[in-house]
Amino acid sequence: MKRTVAEFTRFDAFLQRIQPLSPYGREALKEMKLYTHRGELEKWFDAVQLLISLMNDDPVRKDRIEYHLGRLPVLPDPGQTDLAGDDFFLLKRFLVHSRNISGLLPEEILDRFALHFRSDTLLERLSLDGSIESFRICDAYSENLTGSRRKLRELDFLIGEVRKNHISEIRERTGLDFSNRDFLILDADKAMILPSGICYREPYDTKCFLVRPIMPESYYSLYAERDKVSDLEKQEEFRIISTLIREVNACREDIGAYTRGIVEFEKAWLVSSSALRYGMIRPGLLPDGEALRIREGRFLPLFFECEERGVEYQPLSFSQETAVSVIRGSNMGGKTVLLETVGFFKLLVQYGFFVPAEECQVPLFDSIEVIAATSRERPARGLSSFGMEIRSLMDSLASAGEQALILIDEFAGTTTSDEARALIEALIETILRRGIHALLTTHILDLQLPGSARLYRMKGLRREGLRDSLDSSKGRELEERIRFLNRSMIYTAEPEEISERVPDALIIADCLGLDREIVCRAAKKLGLKNERYAWIGDKKRK
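What comes next is a walk through the structure. (Residues numbered from 1 in each chain as written. Predicted model: local features only at pLDDT ≥ 70, side-chain atom pairs only at ≥ 80, totals over all residues. Heavy atoms only, no water.)

**Comments concerning a nonpolar patch on the surface**
Inference 1: A cluster of nonpolar side chains, namely Phe183, Ile185 and Tyr204, defines an oily patch on the protein surface of about 300 Å² accessible area.
Inference 2: Tracing the chain through its elements places phenylalanine 183 in the loop between helix 9 (143–174) and strand 1 (184–187). (Patch = residues over 30% accessible without salt bridge, like charges linked within 9 Å, V, L, I, M, F, W, Y side chains within 5 Å. Areas by Shrake-Rupley, 256 points an atom, 1.4 Å probe, with all protein chains shown as cover. Salt bridge = Lys/Arg side-chain N within 4 Å of Asp/Glu carboxyl O. Helix = DSSP H or I, 4+ residues; strand = E, 2+ residues; numbered from the N terminus.)

**Some remarks on the environment of leucine 158**
Inference 1: Here leucine 158 lies in helix 9.
Inference 2: Spatially, the C-alpha atom of leucine 158 lies 8.5 Å from that of tyrosine 219, the residues being 61 residues apart in sequence.

**Side note on unusual backbone geometry**
Inference 1: At alanine 114, a residue that is not glycine, the phi angle is positive and equals roughly 55 degrees.
Inference 2: Turning to its location among the elements, alanine 114 is positioned in the loop between helix 7 (107–113) and helix 8 (120–126).
Inference 3: Of note in the backbone geometry, glutamate 410 takes a positive phi value of approximately 50 degrees without being a glycine.
Inference 4: Relative to the helices and strands, glutamate 410 resides in the loop between strand 10 (404–409) and helix 16 (417–434).
Inference 5: The exposure class assigned to glutamate 410 is buried, which follows from its relative accessible area of 16%. (Buried < 20%, exposed > 50% of the residue type's maximum accessible area, 1.4 Å probe, protein only.)

**Structural notes on the packing of aromatic side chains**
Inference 1: A complete count under the given rule lists 22 aromatic pairs for this structure.
Inference 2: With 6.0 Å between their ring centres and 40 degrees between their planes, phenylalanine 11 and phenylalanine 14 make a pair best called tilted. Here phenylalanine 14 and phenylalanine 11 lie together in helix 2 (residues 11–16), a separation of three residues that amounts to about one turn. There is no split in this pair, since phenylalanine 11 and phenylalanine 14 are both buried.
Inference 3: An aromatic cluster is built from Phe11, Phe14, Tyr278, Phe299, Phe303, Phe304, Tyr313, Phe344, Phe345, Tyr351 and Phe353, whose rings are joined through pairwise contacts.
Inference 4: Above the plane of the ring of phenylalanine 304 lies arginine 17, whose end atom (NZ or CZ) is 3.8 Å from the centre.
Inference 5: Across from the ring centre of phenylalanine 303, 5.6 Å away, lies the NZ or CZ of arginine 298, which sits over that ring. (Phe/Tyr/Trp six-rings, centres within 6.5 Å; stacked < 30°, edge-to-face > 60°. Lys NZ or Arg CZ within 6 Å of the ring centre and 35° of its normal.)

**Side note on helix 20 (residues 516–525)**
Inference 1: The complete set of buried residues in helix 20 reads Arg516, Val519, Cys520 and Ala523. The buried side chains of helix 20 occupy one side of the element, clustering within an arc of 95 degrees when seen end-on. Among the exposed residues of helix 20, those oriented more than 90 degrees off its buried face are Arg521 and Lys525.
Inference 2: Following helix 20 by one or two positions, glycine 527 has its phi on the positive side, about 75 degrees. (Arc of directions from axis to C-beta.)

**Some details on the sheet that holds strand 1**
Inference 1: Spatial ordering of the open sheet is given by 1-3-2, a layout of three strands whose pairing is antiparallel. The open sheet is flanked by strand 1 and strand 2 (199–203), the only strands paired with a single partner. When strand polarity is set aside, the average angle formed by the axes of neighbouring strands in this sheet is 35 degrees.
Inference 2: Here strand 1 pairs with strand 3 (residues 208–213) via four bridges, running antiparallel. (Pairing = 2+ DSSP bridges. Axes fitted to C-alpha atoms, helices over the stretch in contact; angles between N-to-C directions.)

Structure (structure tokens):
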């Protein structure tokens, strides 16, 4: 996904609200692909629909599946051949929770994500220690290992008894107690009078000696025997680990299938969870060449922002009847939000998400491009905003195929109106000739467009009770005035031939507190004397 597209549509901000349950969910979100074929996307939506039904029908099972997803660890590198104890533990834990997830899913979902569990024998071999949360080479792996460890325990007991008895004898003869110590620090005078053959002595400093007990020959013989048995234990453990490595390698193909299946499954799970959380519906996929339709669509990043600010959110409706559409209207009238909403919905659909709308019908595109003056791309050295727009346009046109969608926001808005009009008209003619789909917003009113391009206008502010509402907004804080404008705005684009041209920019300026004398003068210059604009008077705002 291009960074400009993700930023302009705030799709990346939406993804940040999705919390993966496992490392595989994070991988799924990081490596999402753009679906461009209807059949493949319809199959994906079928799978998402199955998971939504499962979540709705059995909340307890849903919680259990999420628990096991959350316990899945990252597996060692698939190419790693030398596995250590920690690696076996991670593999064992992965297999345990994969098996449990598989056991909670119906056959149809298991088939769709290839999550049938076929590694019971390997899991049983890794679970001989009887614990899910650990792994160790236990006695159950080998009779030789059992015999070696039993012998080691016997030798440890005998070594302990010899040491205990010898330490007791030293205590009786010298009064020195080495019960819980390997050495003692004694004054030189006291150390030098110890009987010979009892302790080793070595200088500690100028006044003291470090003293260690001299153990009997039987003690060292037992230790020598223990070392031999310990070597046998290590050899047997190595043999067992080598056998387990061969058994794991024999199951590499199945383990790889589980990881791939889990990645896809958790992505679908996250899509399904977000659909339930945000009231999202399955979109309809239109044939190539047909234009999109959105009814009561919620641009979720803006919806969240409105919630946080306590501002009422107004859903957006738009039906694009031609491949190239031009949206006009005043600032704050919703043109850019419409463009962002369309781009956001397009990304949602083609990355496999459901959509937050009452209805949504969309075609698929091979690529989605954005050309916006508000792009947060870092400017190239020596280029103005207009220069950056031109570079962005050049890149988009160079990479766009016939099945491309280009979203263009206020193109050439920083140059003169005559030049902007000429550039926009020429750009639209080029886009039409190449068969590219485009949605463009502009302030330019006197565009001359080919018949196949359609002009739309944002419906703008509601007229009913507008004057009284404006008068009541006097003296209010700016935030309250903005709330009023948001409640009064109709975020719908309709074909320009049926749209009434209204002075929204003047009304917005008036509502935000601009001196009414300036607003009235501007209205007169526009010739707005119709009684429908009766809110415009000669008196200044009090």
